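# Structural overview for review
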Amino acid sequence: MRIKEVHINGFGKLTDRSYTFDSGLNLVYGPNEAGKSTLHQFIFAMLYGFYKPYMKRKVLDGAYERCLPWQTSADYRGSMVLENGDGAYRIERVFTKGKESVRVFDGDTGQEITDTFDYNNAYRIHEPARKLIGLNSVGFANTVSISQLSSRTDQELAREIQDNMASLASTRQVEVSVGKVLRQLEERSAAIGSSRKKTSSYAKQQAFLEQLEVEMAEARKAHQEAFGKKQEEMEAGQALETLREEQQLLQRQQGALKARQYEETLAAVSQLQTRQQALEETLARTARFAEYRTETAEGFMRRRMELKNLAEKEAEQAAGVERMLSEQAVLRQQLKEKTAAQDQASEYTLVRDMLERIEGLDAVAREKETKQDAVAGMLAETEARRRETRPGRYLPGVVAAAVLAVAALVLYLLLPGSTLPTVLLAAAVAIGGFSGVRMKQLDGACKRTDEQLAELEAMKKLAETALADDRRIIGRLLGEMGCSSLEGLREKRDRLYKESILADEYRKQAEALKEELAQLDVDLLERKTFLNETRARIRKIQDELEVTEHVFGVTTEEESRTASMAHQEHEKAAHELALSGLRMSELLGGMQVADLTRKIQAAPEAETSGLDLETVDRQLREASESILELTGRRSRLAAEVKAIEEGHRTAGEIADDLASVKQDLKRMDAALQVNGLIHDTIQAIAEEMQNDFAPVVNDRMSAIVSKVTGGKYTSLKVNPAMEVKLLDKAADRMVPVEALSSGTIDLVYLSLRMGVSELLAKGKVLPLILDDCFVQYDDARVREVLDYLAGQERQILLFTCHNREERILNELGIPFNKIRM
Amino acid sequence: MKWIHAADVHLGTSFASASFGREQAGRRRRELKETLLRLIRLCGQEGYDALLIAGDLYEEKFITISELLDVNEAFAGLTKTRVFIAAGNHDPLGGPRSPYRLIEWAPNVHLFGPGLETATLETEEGKLAVHSFSWTEKTHPKLDLDPLAKKLEAWPDEAGWIHAAMLHGTLGEGGVYMPMDLKALQALPLDYIALGHIHKPEAISTRCAYAGSLEPLDFKETGAHGYIDCRYEDGRLRMARVPFAKRRFERLDCAVDEAMTLEGIKTAMEAVLAGAVESLGIGSRDMVRMTFTGFRNPEVALDQGLLKEALEAHVFYGEIVDETEPDLDIEGILAEHGDSLIGRFIRKMQALDQEDPVNRAALKEGLQLLLKERGSL
């Protein structure tokens, strides 16, 4: 069979194109995107359409859409002329959905012969390819069309040859690679795995299942345990209930018993209160003497005693002083007397001196009187002469001198030992002298006589006056001396003289007295000081006693004793009151009396006969302990239940997981079973068919391989394990396909495909379509393949975008038909 | 006088037989309790006089003490509502380790004992006498109505008593789950019959109803679930089903044909869902199982992940069940491949017992594998 020509009305990017092919090698050349693949696709679609095989209803495959004409006006159809051994056929096909049609005409007569071809009932269309080519679309694609050869590795090519041969050998078809299917099934099963393969999902799920079953068993156990504990908790709760009732009864009994006790306490309290009241009264009564302690009382007594002693001492001391004062007075009197005697002695001197003075004065006066008599005689003489002159003008001076002299005398008398009288006397002399001289001088010369007279007169007068004064002075002085006459004074002097002889004795006595007095003064001072001290002490004690009196009203010893007793009474009462206070606290135990009363009133009713508080207390304590214990037990159990439940997933959860895992395992089991069944069935079929066809296939293929390899490998065998091996004649051993060189694999591959297609097409020689197969081959390899292909007796369509193939063909001198796209 | 009749809470249950995964199972388990606690709160908030729980409060095999303590605490929080509980087949009142007996129930909870007894409730609104008993085992013989009849007959002739029976079992003859003679039961002078055990809520008459499961447990329990609200006023009972469950389960079918692509299937599914939202009121909290049926293009794989995701854009949980068959012309293939590997495979597989799912699956999968591989040589 060969393709003579094609006409494309509209198909993909190609519109209204015709191509004519030679029966030998056709080189379809065009750059990328020129439409080579579209032409390839068109040839396929002309033969088989766009239908999915084996469908109950017509279903178009995806290529339909892809090959829609780009030019919308173009019809999605075309025609093709084939030449078979028995003549030419022209196929016309419309691709447009809903208008699909296939018509076949006799190439020579033009007669329509469509009806002579197979009709597909499902697709409602004729299928000329089946008869004309002898291959279905899959067979055609797997043998006639070869594309992207270069993208397959040697390994892949070898594997494909192997599959191809194996399928062919076993089933006389290349539609299905039995090995591939079986491998796929094995892979699928392997992906699931088995319990033997620990890392597989199956084994993992199984392990998980086991784990879950263990967990479930544990959870169930824990569940039971929790329920058991919960049951214990409930029982404890019931026991607790009973115990609480018992506790309540005991509490009532205790209350009643306690009330009785309270009553007793109350009685004791009230007795105590009465006593306390009495004590308080005592305290009030003796309150004044609360501080009248023993030492206070002793102090009082001591002071009283001391005061008494001091009073005596004071009296004694006072008497002493008094005595000394009397003594002093006596001594003073004596001293006065002695002193007076001394005075008389000095009066003697005075009197004596005065007497002398007065005697002097008297003598003077007497002289004066003599002189006066002389003057009186001169005067009487002179008077006779003076009967013509006058005497004495300077009499006043003489008078003054006399006065002075008198004064001097007086002073001398008054102040014995003073110089003043002398001075005065001198003055008087001076004044008198002067005055006399002057009178004489003045009255002398001219009035000498007169003057003399006068002078004498004056002298006489003066002398008279002076004499009178002297007599008066003498008189006064005598008077002063207590005498009326000089004689008296002399008597006095004599008497005084006798006395003055005793005065020394007296003076000595006075000295002694003075000393004695001085001593007495010292003693007296001392005594007085002592007395004062005593008195001060007395005052102090009196003050202290006054305080005692003021505070305690105690003034006497008797009173002090009474106060002491009162104090002791007070102390005793206070002590007893303190004790009774303690007793009261003890009795009340922190309660008030009102509390007691209230408690007695609030006491519960309960039968208490034969019970005592101690027993009831003990029972109550025991009950409380049991309650505490049970309560603790209950909470512990509750906590344990909680902990157990929280420590485990719930059985429900685990059951869900278990179900899920079991479901998974079941699904895997089913899948494994299904896979196994398919696998075993296909394997059995393959073995059965291999027995039928293997010899034929082996013979035929052996011939091809032998030819391609120039006799190096003489036979090809497919063994029951679906392995393809070649017999290396020289080495006499079976070689796996993979062991061949790349170039050899190419040739074996191509020749086998051609051989297979012939075998399947029942002897028909079909074209070979190579679509950009050698892109990645080097020149040498391309050369080898092209050389081999040129030797084939069949139509070859070689699609390429390279110049290389053309060049090599030219080099090799191989004729070809070049079609430029 | 008003009360709530609920039943079949199944606290703590495992969802081992449910189709949804463990994550959802865990969530649903929590939700069972949440909804019960919410119901108890409702009783308090709305001042119901009584809450009747007609059996299967919990799942004995899985319940934990702590869950029951939580529930009891919620009961204890009710000031007005009295709670009447009868045990059913999943929570029988058995021996001393029966979970019911391990809880010190709140004073306002009345747990019925194994023998028929009457618990009464007298309030300003009226006087309610609840007659019931608890199961003690996982099965129970037919209900003998005589003791109840006698009890009612002997009831003091005193006006104002409302009589309610609370029973856990099945209506009709036969079975081990306490069959009950509905006719005889209805003949008794009862004002209300609170039934439990059947998970589908159903009003049997104007005074008799199955409350159904409070929360539906799996895709078998479709539709709205909740409780029965009962109000007795002026000598008349009014009862109403109140949807209360957090979620509802729905099963939907989506027909597929060979012309559909995956996108087309998804669109079809969304249309089915939209219809269900319209007609059933399915909401974003619900759980939907979408079953795909019909023939599909063998090359179109039903991408369950994608479809589930698309479904869960609208509902809380989506489940995809693929019951489609690849659109293969087995007879046609057989005709073409009579003696080839494929033909022989089909014949060998068809010769096996087709009732066996493994054989059925092997034929389908093997054939698809062979056909798929066929194109790749």
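Residues numbered from 1 in each chain as written. Chains lettered and ligands numbered in written order. Predicted model: local features only at pLDDT ≥ 70, side-chain atom pairs only at ≥ 80, totals over all residues. Heavy atoms only, no water.

## Thoughts on the overall build of chain B
Of the regular secondary structure elements, chain B holds 9 helices and 18 strands. A burial count over chain B gives 55% of its 377 residues as buried. Contacts spanning at least 24 positions in sequence make up 70% of the contacts within chain B whose residues lie at least 6 apart. Surface accessibility of chain B: about 15700 Å² in total, with carbon and sulfur atoms responsible for 50%. (Helix = DSSP H or I, 4+ residues; strand = E, 2+ residues; numbered from the N terminus. Buried < 20%, exposed > 50% of the residue type's maximum accessible area, 1.4 Å probe, protein only. Contact = heavy atoms within 4.5 Å. Areas by Shrake-Rupley, 256 points an atom, 1.4 Å probe, with all protein chains shown as cover.)

## Describing the sheet that holds strand E3 (residues 82–86) of chain B
What links the strands of a sheet is backbone hydrogen bonding, and the strands pair in either a parallel or an antiparallel sense. Residue and element names in this part refer to chain B. Reading across the sheet, the 6 strands line up as E4-E3-E2-E1-E13-E14 and stay open at both edges, with mixed pairing between neighbours. Since the sheet does not close on itself, it has two edges, and those belong to strand E4 (109–111) and strand E14 (236–243), each with one partner. Going from strand to strand, the sheet's axes swing by 20° on average, the running direction of each strand aside. Where strand E13 (residues 226–233) lies against E14, 8 bridges are found, and the strand directions are antiparallel. (Pairing = 2+ DSSP bridges. Axes fitted to C-alpha atoms, helices over the stretch in contact; angles between N-to-C directions.)

## What about the pattern of salt bridges?
Scanning the model with the defined rule gives 60 salt bridges over all chains in all. When the shortest N-O distance is used, the salt bridge between Arg366(A) and Asp362(A) registers 3.2 Å. Residue Arg366(A) and its partner Asp362(A) are located together in helix H8 (residues 294–386), separated by 4 residues, close to a single helical turn. Several salt bridges converge on common partners, so that one network encompasses Arg28(B), Glu31(B), Glu34(B), Glu215(B), Lys246(B) and Arg247(B). (Salt bridge = Lys/Arg side-chain N within 4 Å of Asp/Glu carboxyl O.)

## Section: unusual backbone geometry
The phi dihedral of Asp16(A) is positive, around 50°, even though this residue is not glycine. Look at Asp16(A) and you get exposed, because its relative accessible area is 54%. In this structure, Asp56(B) takes a positive phi of about 55° despite not being glycine.

## A word on a negative patch on the surface
Residue and element names in this part refer to chain A. The grouping of Asp-543, Glu-546, Glu-549 and Glu-559 at the surface amounts to a negative patch. The element best represented in the negative patch is helix H12 (residues 486–552), accounting for 3 residues. Mapped onto the elements of the fold, Glu-549 is located in helix H12. (Patch = residues over 30% accessible without salt bridge, like charges linked within 9 Å, V, L, I, M, F, W, Y side chains within 5 Å. Lys, Arg positive; Asp, Glu negative; His and termini not counted. Charge placed at Lys NZ, Arg CZ, Asp CG, Glu CD.)

## With respect to the sheet that holds strand E12 (residues 208–210) of chain B
Residue and element names in this part refer to chain B. Taken together, the 6 strands give an open sheet; going across it, the order is E5-E6-E7-E10-E12-E11, and neighbouring strands pair in mixed fashion. The two strands at the open ends of the sheet, each matched to only one other strand, are strand E5 (117–122) and strand E11 (202–205). When the angles between neighbouring strand axes are averaged without regard to direction, this sheet yields 20°. As paired strands, strand E6 (residues 127–132) and strand E7 (residues 161–168) are joined by 6 bridges and run parallel to one another. What sits directly across from His-131, in E7, is Ala-165. Across the sheet, helix H3 (residues 146–154) lies against E5, E6 and E7, angled at about 160° from E6, the strand it touches most.

## Digging into the confidence of the model for chain B
All names here are of chain B. Averaged over every residue, the pLDDT of chain B is 91; the share at 70 or more is 98%. By mean pLDDT, the top-scoring element of chain B is E3 (97), and the lowest-scoring one is helix H7 (residues 330–336) (76). We note a pTM of 0.59 for the whole complex and an ipTM of 0.85 for its interfaces. (pLDDT = per-residue confidence, 0-100.)

## Considerations on the interface of chain B and chain A
Facing the 57 residues of chain B at the interface are 61 residues of chain A. Across the chain B to chain A interface the summed buried area is about 5200 Å²; carbon plus sulfur atoms make up 60%. Counting the contacts that link chain B with chain A gives 13 residue pairs in polar contact (both at pLDDT 80 or more). Where the side of chain B that touches chain A is concerned, the elements lending two or more residues are helix H1 (22–46), helix H2 (65–76), H7, helix H8 (341–351) and helix H9 (357–374) of chain B. Top element by residues in the side of chain B that touches chain A is H9(B). It accounts for 11 residues. In the side of chain B that touches chain A, the residues fall into 27 nonpolar, 12 polar and 18 charged. (Buried area = accessible area lost by both parts, 1.4 Å probe. Polar contact = N/O pair within 3.5 Å; in protein donor to acceptor, adjacent residues only side chain to side chain. Nonpolar A, V, L, I, M, F, W, Y, C, P; charged D, E, K, R; others polar.)

## Details of the pairing of E6(B)
All names here are of chain B. Along E6, 6 of the 6 residues are buried, which leaves the element largely enclosed by surrounding structure. Alignment of E5 against E6, held across 6 bridges, turns out to be antiparallel. The residue bridging Leu-121 from the neighbouring strand is Leu-128, located in E6. With respect to chirality, the unit in which E6 leads through H3 into the neighbouring parallel E7 is right-handed. (Right-handed = clockwise from strand over helix to strand, strands pointing away.)

## Some points on the pairing of strand E13 (residues 768–771) of chain A
Residues and elements named next belong to chain A. Of the two faces of E13, the one carrying Leu-768 and Leu-770 and the one carrying Ile-769 and Asp-771 are both buried. Bridge count between E13 and strand E14 (residues 796–800): 4 bridges; the pairing is parallel. Pairing of Leu-768 across the sheet is with Ile-796, part of E14. Once the chain exits E13 it traverses helix H18 (residues 779–790) before rejoining the sheet at E14, and the crossover so formed is right-handed.

## Let's talk about the packing of aromatic side chains
For the coordinates displayed, the defined rule picks out 26 aromatic pairs over all chains. Plain terms: the ring middles of Phe50(A) and Tyr64(A) are 5.8 Å apart, the flat faces sit at 90° to each other, and that makes the pair edge-to-face. Taken as a pair, Phe50(A) in the loop between helix H1 (36–48) and helix H2 (63–66) and Tyr64(A) in helix H2 lie far apart in primary sequence, 14 residues in all. Assigned by exposure class, Phe50(A) and Tyr64(A) land together as buried. Chaining the aromatic ring pairs together yields one cluster made of Phe11(A), Phe42(A), Phe50(A), Tyr64(A), Tyr76(A) and Phe95(A). The ring of Phe117(A) carries Lys131(A) above its face, with NZ or CZ at 4.9 Å from the centroid. Note that Arg247(B) overlies the ring of Phe316(B), its terminal NZ or CZ placed 3.6 Å from the centroid. (Phe/Tyr/Trp six-rings, centres within 6.5 Å; stacked < 30°, edge-to-face > 60°. Lys NZ or Arg CZ within 6 Å of the ring centre and 35° of its normal.)

## Regarding the side chain of Asp91(B)
Residues and elements named next belong to chain B. Counting through the fold element by element, Asp-91 comes out in the loop between E3 and E4. Despite its burial, Asp-91 remains without a salt bridge, the nearest opposite charge being carried by Lys-138 at 8.8 Å. Here the side chain of Asp-91 touches Asp-56 through a polar contact of 3.1 Å, landing on its backbone nitrogen. Looking at Asp-91, its side chain comes within polar contact range of the main-chain nitrogen of Leu-57, at 2.8 Å. For Asp-91, the residues in contact, after removing those within four places along its chain, are Gly-55, Asp-56, Leu-57, Tyr-58, Glu-60 and Tyr-100.

## Observations concerning helix H9 (residues 395–414) of chain A
Between its terminal C-alpha atoms H9(A) stretches 28 Å, which fits the 28 Å expected from 20 residues at 1.5 Å a residue. When H9(A) is considered as a whole, its buried residues turn out to be Leu395(A), Gly397(A), Val398(A), Ala401(A), Ala402(A), Val406(A), Ala408(A), Leu409(A), Val410(A) and Leu413(A). (Expected span 1.5 Å × (residues − 1).)

## Here's the deal with the packing of helix H7 (residues 201–285) of chain A against helix H15 (residues 613–646) of chain A
How two helices pack is summed up by the angle between their axes together with the distance between the axes. All names here are of chain A. Running from amino to carboxyl end, H7 crosses H15 at an angle of 160°, the nearest separation of the two axes being 7 Å. On the basis of their axis angle, the class for H7 and H15 is roughly antiparallel. You can see that H7 and H15 cross each other, and the crossing is left-handed. Of the residues contributing to the contact of H7 with H15, the split by class is 19 nonpolar, 10 polar and 12 charged. (Parallel < 35°, antiparallel > 145°, perpendicular 65-115°, else oblique. Left-handed = near helix turned anticlockwise from the far one by under 90°.)

## Re the side chain of Thr681(A)
Positionally, Thr681(A) belongs in helix H16 (residues 651–708). From its side chain, Thr681(A) meets the backbone oxygen of Leu677(A) in a polar contact 2.5 Å long. Once residues within four sequence positions are removed from consideration, Thr681(A) is found in contact with Phe345(B), Lys348(B) and Met349(B).

## Topic: the packing of H1(B) against H2(B)
Residues and elements named next belong to chain B. In the contact formed by H1 and H2, the axes pass within 9 Å of each other and the chain directions differ by 15°. Here H1 is positioned roughly parallel relative to H2, judged by the angle of their axes. For the element pair H1 and H2, the recorded crossing hand is right-handed. Along its contact with H1, which presents Lys-33, Leu-36, Leu-37 and Ile-40, the element H2 presents Glu-67, Asp-70, Val-71, Ala-74 and Phe-75. In the contact of H1 with H2, the residues fall into 6 nonpolar, no polar and 3 charged.

## Brief notes about the environment of Ser585(A)
Residue and element names in this part refer to chain A. Inspection of the secondary structure assignment puts Ser-585 in helix H13 (residues 557–588). The partly exposed category is assigned to Ser-585, whose relative accessible area is 46%. In this structure the C-alpha to C-alpha distance between Ser-585 and Val-269, which are 316 residues apart in sequence, comes to 9.5 Å.

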